[in-house]
Amino acid sequence: MPSVAGEERLVGRDDALARLRDALARAAAGTRAVVLVAGPAGIGKTALVRAAVRDEALVGWGTCVDDAGAPGYWPWTRAIETLVRLAPDAPAPDDAPLLATIAPAFGPARGGAGERDRLLLMDGVGRWLERLAADRPVVVVLDDLQWADESSLALLELVARSPEPARLTVVGCYRRDELTAGRRDRLARLASAAGHVELAGLDRAAVAALAAAVAGPLPPDAVDALYRRAGGHPVFTRELALLPAGAEGALPSAVRDAIDQRVRLLPEATQRAVEVAALAGNDVYADVVAAVTGTPVAELADVVEPALEAGLLVRDAAGQVRFSHDLYRETLAARASPAARPALHAAIGAALEARLGRGGEVSAAETARHFTAAVSADGSGRAARWALAAAARDVEALAFTEAVVHLRRWRAAVADAAADVADEDLVAVLLTEADALTRSGAGADARGLLRVARDVAVRARSATWRADVALAVAGLGAVFAARRDESVRELEAALDAVAGVDPAREARVAAALARALQHSVAEDRPRAGPLSERALGYARTAGDPETLHACLLARHDVLWTPGAAAERVAVAQELVEVAGRVGDDERRAQALLLLANALLETGSAAFRPALEECLALLDRLGQPPHRYVTTTRRAALALLAGELDAAEAAIEEAATLGRSIREPDVDNVRMSQRLELVRARGDAAELAAFATAAVAHWTGAPVHAHGVAAGYLARAGDVEGARRHAATVVDLGTWRSDRSYLWSVFVRELAVAAVTLGDTGLCAELLADVEPVAGSCGVNGAVVAFAGSHAETAGLLAAAVGRDGAGYLADAEQTYARLGATAWTRATVVTGPGGPALRRAGSTWEVSYAGARATLPHAKGLADLATLIAAPGKDVHVLDLYGAGVESSAAGEVADRTALAAYRQRLADLDAEINGAADQERRAGAVEERAALVAELGRVAKRGGGGRSFANYPTERARKAVTGRIRDTIRRLEAELPALAAHLDRSVATGTWCRYRPE
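Residues numbered from 1 in each chain as written. Predicted model: local features only at pLDDT ≥ 70, side-chain atom pairs only at ≥ 80, totals over all residues. Heavy atoms only, no water.

Attention now goes to unusual backbone geometry. Even without a glycine there, the phi angle at Arg461 is positive, about 55°. Following the sequence through the fold, Arg461 ends up in the loop between helix 22 (443-459) and helix 23 (463-475). Residue class for Arg461 comes out exposed when judged on its relative accessible area of 80%. In this structure, Val783 is a non-glycine residue whose phi angle is positive, near 55°. (Helix = DSSP H or I, 4+ residues; strand = E, 2+ residues; numbered from the N terminus. Buried < 20%, exposed > 50% of the residue type's maximum accessible area, 1.4 Å probe, protein only.)

So, on to helix 1 (residues 14-28). If you check helix 1, its first and last C-alpha atoms are 21 Å apart, about what 15 residues at 1.5 Å a residue would give, namely 21 Å. All buried positions along helix 1 are accounted for by Ala16, Leu17, Leu20, Ala23, Leu24 and Ala27. In an axial view of helix 1, the angular spread of the buried residues amounts to 130°, which keeps them on one side of the axis. For helix 1, the exposed residues set more than 90 degrees away from the buried face come down to Asp14 and Asp15. As for helix 1, its buried residues are in contact with strand 1 (33-38), helix 2 (45-52), strand 3 (138-143), strand 4 (168-174) and strand 5 (195-198). After helix 1 finishes, the residue Gly30 shows a positive phi value of roughly 115°. (Expected span 1.5 Å × (residues − 1). Arc of directions from axis to C-beta. Contact = heavy atoms within 4.5 Å.)

Moving on to the sheet that holds strand 14 (residues 876-877). Pairing in this open sheet of three strands is antiparallel, and the strands run 14-16-15 from one edge to the other. Strands at the two margins of the open sheet, each flanked by one partner only, are strand 14 and strand 15 (988-989). As defined by bridge partners, strand 15 adjoins strand 16 (residues 993-996) across two bridges and the pair is classed as antiparallel. When the sheet's bridge partners are listed, Val988 is paired in strand 16 with Tyr996. Where helix 42 (residues 860-869) meets the sheet, it contacts strand 14, strand 15 and strand 16, and its direction lies at approximately 70° from that of strand 16. (Pairing = 2+ DSSP bridges. Axes fitted to C-alpha atoms, helices over the stretch in contact; angles between N-to-C directions.)

Now for the packing of helix 35 (residues 702-716) against helix 36 (residues 719-732). If you want to describe how two helices pack, look at the angle between their axes and the distance between the axes. Where helix 35 contacts helix 36, the two axes come as close as 8 Å, and the packing angle between them is 155°. With respect to their mutual orientation, helix 35 and helix 36 come out roughly antiparallel. Read as a crossing pair, helix 35 and helix 36 show a hand that is left-handed. Seen from helix 35, the contacting residues are Pro702, Val703, His706, Gly707, Ala709, Ala710, Leu713 and Ala714; seen from helix 36, they are Gly721, Ala722, His725, Ala726, Thr728, Val729 and Leu732. Counted by class, the contact of helix 35 with helix 36 contains ten nonpolar, five polar and no charged residues. (Parallel < 35°, antiparallel > 145°, perpendicular 65-115°, else oblique. Left-handed = near helix turned anticlockwise from the far one by under 90°. Nonpolar A, V, L, I, M, F, W, Y, C, P; charged D, E, K, R; others polar.)

Before going further, it helps to spend a moment on the sheet that holds strand 4. Ordered in space as 2-3-4-1-5, the five strands form an open sheet in which the pairing is parallel. Bordering the open sheet on either side are strand 2 (58-63) and strand 5, each of which pairs with just one other strand. Strand after strand, the sheet turns through a mean of 15° between neighbouring axes, direction not considered. As defined by bridge partners, strand 1 adjoins strand 5 across four bridges and the pair is classed as parallel. Looking at strand 5, one finds that Ala38 is bridged to Glu198. Each of strand 2 and strand 3 touches helix 3 (residues 74-86); the most contacted strand, strand 2, lies at about 155° to it.

Judged by nonpolar contacts, the single largest core of 97 residues is most densely connected at Trp76 and Leu145. Filtering out sequence-adjacent residues up to four positions away, Leu145 remains in contact with Leu36, Cys64, Leu153, Leu156, Gly172, Cys173, Tyr174, Arg183 and Leu187. Ranked by size, the runner-up nonpolar core spans 67 residues in total, among them Ala510, Ala516, Leu553 and Ala812. (Core = buried A, V, L, I, M, F, W, Y, C linked by side-chain atoms within 4.5 Å.)

With that out of the way, let us pick up helix 47 (residues 978-987). Within helix 47, the full set of buried residues consists of Leu980, Ala981, His983, Leu984 and Ser987. The arc enclosing the buried residues of helix 47, seen along the axis, measures out at 165°, which places them on a common side. Projecting away from the buried face of helix 47 at angles above 90 degrees are the exposed residues Pro978 and Arg986.

This part covers the packing of aromatic side chains. Evaluated as defined, the whole model comprises five aromatic pairs. Ring plane angle 85° and centroid distance 6.2 Å describe the contact between Phe786 and Tyr816, whose orientation is recorded as edge-to-face. In this pair, Phe786 is assigned in strand 9 (residues 785-789) and Tyr816 in helix 40 (residues 806-819), connecting sequence segments 30 residues apart. Exposure remark for Phe786: the relative accessible area of 6% places this residue in the buried category. Where Tyr816 meets Trp824, the ring centres are 5.9 Å apart and the plane angle is 35°; that geometry is what we call tilted. The residues Tyr816 and Trp824 share a single accessibility class, namely buried. Three or more aromatic residues link up through ring pairs in this structure, and these residues are Phe786, Tyr816 and Trp824. Lying over the aromatic face of Trp61, Arg50 brings its terminal NZ or CZ to 4.2 Å of the ring centre. Over the ring of Trp824 we find Arg679, and its NZ or CZ is 3.7 Å from the ring centre. (Phe/Tyr/Trp six-rings, centres within 6.5 Å; stacked < 30°, edge-to-face > 60°. Lys NZ or Arg CZ within 6 Å of the ring centre and 35° of its normal.)

On to the environment of Asp585. You can see Asp585 is positioned in helix 29 (residues 585-601). Through-space distance from the C-alpha of Asp585 to that of Cys614 is 9.3 Å; in sequence the pair is 29 residues apart. Ignoring any residue separated from it by four or fewer positions in sequence, one finds Asp585 in contact with Leu617, Arg620 and Leu621.

Let's shift gears to the state of the cysteines. Using the criterion set out here, one finds zero disulfides in the structure. The thiol of Cys64 is unpaired, and the distance to the nearest cysteine sulfur, on Cys173, comes to 10.0 Å. Overall, Cys64 belongs to the buried group, its relative accessible area being 1%. (Disulfide = S-S within 2.5 Å.)

Before going further, it helps to examine the side chain of Asn597. Assignment of secondary structure puts Asn597 in helix 29. In this structure Asn597 comes out as buried when scored by relative accessible area, which is 0%. A polar contact of 3.0 Å, which involves the side chain of Asn597, links it to the side chain of Glu601. When neighbours within four sequence positions are excluded, Asn597 is seen to be in contact with Trp560, Arg568, Val779, Gly781, Ala782 and Val783. (Polar contact = N/O pair within 3.5 Å; in protein donor to acceptor, adjacent residues only side chain to side chain.)

Just distances and angles here, no functional claims.
Structure below.
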């Protein structure tokens with residue numbers, strides 16, 4: 001019998017074929033193309049696409065599965081896996097572990113947590129396809145989109161709408177008459193930006209040619225009758241052409257009858273095999289069909305051979321047997337009676353389980369579909385387990401909507417069959433479904449399911465289920481600083497129920513309750529601290545690293561407030577240790593970042609090794625989210641060191657990367673870092689512009705926004721503007737209660753405004769708040785931006801209310817020197833004891849000496865003088881003034897001052913040894929070593945004892961620049977403050993090492 005699988009020469013499709021090939025040609029030239037091919041089942045969509053695709057293109061083909069019998073992204077999985085196999089040397093995707101959740105060919109998978117990771121996954125697929133298409137045209141075919149899952153359609157839309165040019169074509173085929181309303185709307189939106197090919201019936205000439213190909217030439221009247229009856233439908237034409245002459249019946253009943261007639265001609269064993277295979281799904285697994293039909297596997301090939309000869313089945317190039325057309329599979333699947341179906345589905349499910357036990361490939365979603373359809377015959381237990389497995393696989397692949405579908409179908413099947421359900425299964429399904437809904441952003445739907453789960457847990461008197469439900473309710477989240485009454489009630493009840501029953505769950509519930517209270521309204525927060533301590537106690541009893549990690553994070557969150565950095569150091573150190581024990585580099589990097597942040601708040605230089613280890617770990621992980629963290633933190637380090645151009649470049653690079661990966665906090669991080677960049681530059685216009693931007697950006701934190709605006713306008717010289725914003729802060733009335741990580745920036749800038757305005761009352765209030773934490777520093781976010789020493793703010797405020805603030809200011813200077821915070825050293829108010837006083841106020845300096853005062857525009861020479869005057873009698877290296885950020889070192893073998901000192905110390909030691917040595921051999925060795933050292937010292941040192949240097953070394957360049965700008969500034973001072981100019985001319989020595997010597 002001739003093949004009816006559609007593999008014969010394509011007839012009657014010349015126009016559609018030309019249009020599709022034209023789109024493929026344009027894509028091959030670099031213009032991304034998307035083409036949708038629509039038409040009823042059997043009209044020839046698949047055959048058209050196969051005929052259009054050229055051999056020079058890489059083609060990945062994926063087919064959707066009806067009745068949601070496959071995991072999310074299934075057609076994309078099949079298409080991508082094919083492309084990887086065809087192009088083994090193709091570049092790996094940027095985030096291979098994330099993409100591996102849907103395409104195992106990319107290696108070990110790393111799942112995500114929510115909608116952001118789902119978007120990253122889809123974006124990563126699009127970028128990988130673009131890179132793959134750089135070498136040769138790439139075609140992705142997605143067949144049977146009428147059955148597409150939501151995630152597959154979302155990915156199709158994202159790839160199709162990308163503005164990036166690429167040698168990429170995406171072809172989607174679907175049956176318009178079988179679309180649901182939701183899929184119809186999605187494809188209609190997509191069609192507006194895509195090419196479209198609508199396949200109708202063949203014309204009479206094509207019908208005649210097709211009939212002749214399958215049944216031999218027909219007389220004209222027979223062709224006319226066939227054309228009228230089949231309406232040009234290719235599959236109907238093939239089937240009717242094979243019917244005996246005069247056979248009648250309605251379409252598509254006639255086609256079903258034709259298929260039935262062909263099946264009845266097959267041996268009984270073959271009929272049984274193809275019916276089971278049709279009910280099993282698209283792929284025909286020999287072992288599954290053999291198990292259900294009772295046929296030995298070794299004999300199955302002979303059993304199905306007649307179906308291959310009849311054209312119902314085909315064998316592809318890889319040897320896999322499949323149905324030649326969906327119409328055949330659907331018609332054969334419908335032959336099973338409704339009464340017999342549940343038992344057949346149960347048998348197929350059991351065969352799939354056995355296949356899995358032998359190490360075979362089995363889809364959890366397909367197995368779940370069979371057991372769910374078999375609930376009335378097999379019960380609900382196995383169906384629940386497989387539905388949960390299928391949902392877990394989809395959650396791992398970030399296909400949250402599809403995960404919900406598996407579980408919702410199970411609940412519907414159980415209800416329809418009035419089947420008994422174990423409480424354990426019901427709670428597990430409800431919790432998993434609620435989790436998937438939460439991850440997809442449907443928290444309101446999840447809340448309703450959790451109420452049902454809570455009722456089951458209460459009825460079953462299960463403390464552990466009650467705890468799991470309460471943790472899930474807490475995971476729904478809430479607005480910061482808003483009441484969380486429902487979550488708190490659930491957690492409190494669960495904590496009472498689980499007390500003494502399950503230490504690990506008790507710890508997690510206590511930790512979740514602590515966090516809920518901490519992020520609730522102000523009156524709830526005092527309870528958070530004791531609970532977080534209690535949670536840690538439970539966690540240590542439980543002995544579970546995962547639980548301990550969760551409780552340590554909760555404790556850290558509760559302590560993330562000014563003045564508690566020392567406690568957080570201990571918590572963060574333990575987090576680092578626990579993450580290392582678990583073997584999770586990502587968690588270890590997170591813990592190291594928190595440790596670095598806490599150490600920086602204490603003013604400890606030890607923050608650098610912790611941060612460097614964190615960044616090294618993230619560099620090794622190397623994925624886009626990790627690169628975003630490293631780029632933002634390197635921007636923070638550049639800001640700290642005063643390397644403002646490098647900082648700005650890193651800030652903008654990070655913002656671009658963050659937006660590309662849809663980092664939710666990217667704009668807030670950028671604003672927080674630009675805040676310190678603008679402050680360090682001190683440009684009046686830029687400060688004023690940022691004040692406006694701050695109020696527009698931080699709308700959710702108005703106290704913070706107006707506090708920043710007040711300080712920046714004061715720095716810019718806009719006193720009235722500063723007054724207005726400071727008054728707004730006071731009028732809001734909540735500024736005394738905020739102690740989040742934003743507090744340090746807020747109080748610093750409000751203090752600048754209060755000092756500038758001469759508002760001693762506000763200065764006194766602020767000083768009372770700042771003095772208790774004057775020994776610490778502010779850090780915005782987790783090392784997002786250093787916010788300065790609180791001692792500096794205390795010193796400013798103390799001076800403004802008539803107290804001596806010099807001690808605080810000296811403490812701040814020491815902290816900045818210890819941290820390498822060059823930018824901050826120069827911004828501090830500097831007062832020489834009994835001598836000059838220099839105060840930076842935005843873009844100007846207020847300078848006083850011997851009763852005379854002057855206001856001068858900012859100049860680097862003034863900043864240099866301020867640094868020197870702040871440390872009378874102390875040598876300051878020019879690189880510390882110049883801001884190079886590195887120590888100068890001579891090329892080749894020229895020694896620096898430290899090396900010269902070491903040489904000379906060794907010479908002194910040798911002299912003593914030579915003079916006191918009794919042993920002649922030892923004395924001779926010392927004499928020889930001394931001679932060698934003298935020769936080396938003469939080579940690397942110049943006469944007079946200094947090390948050799950060259951004019952193009954960093955130190956020499958810095959020396960010339962710093963000397964020039966200091967001397968230029970002193971000359972400028974002669975016109976305003978001649979006595980100060982004369983004093984500085986006598987007291988300031990410049991060179992490689994500079995010093996202020998007031999004596």
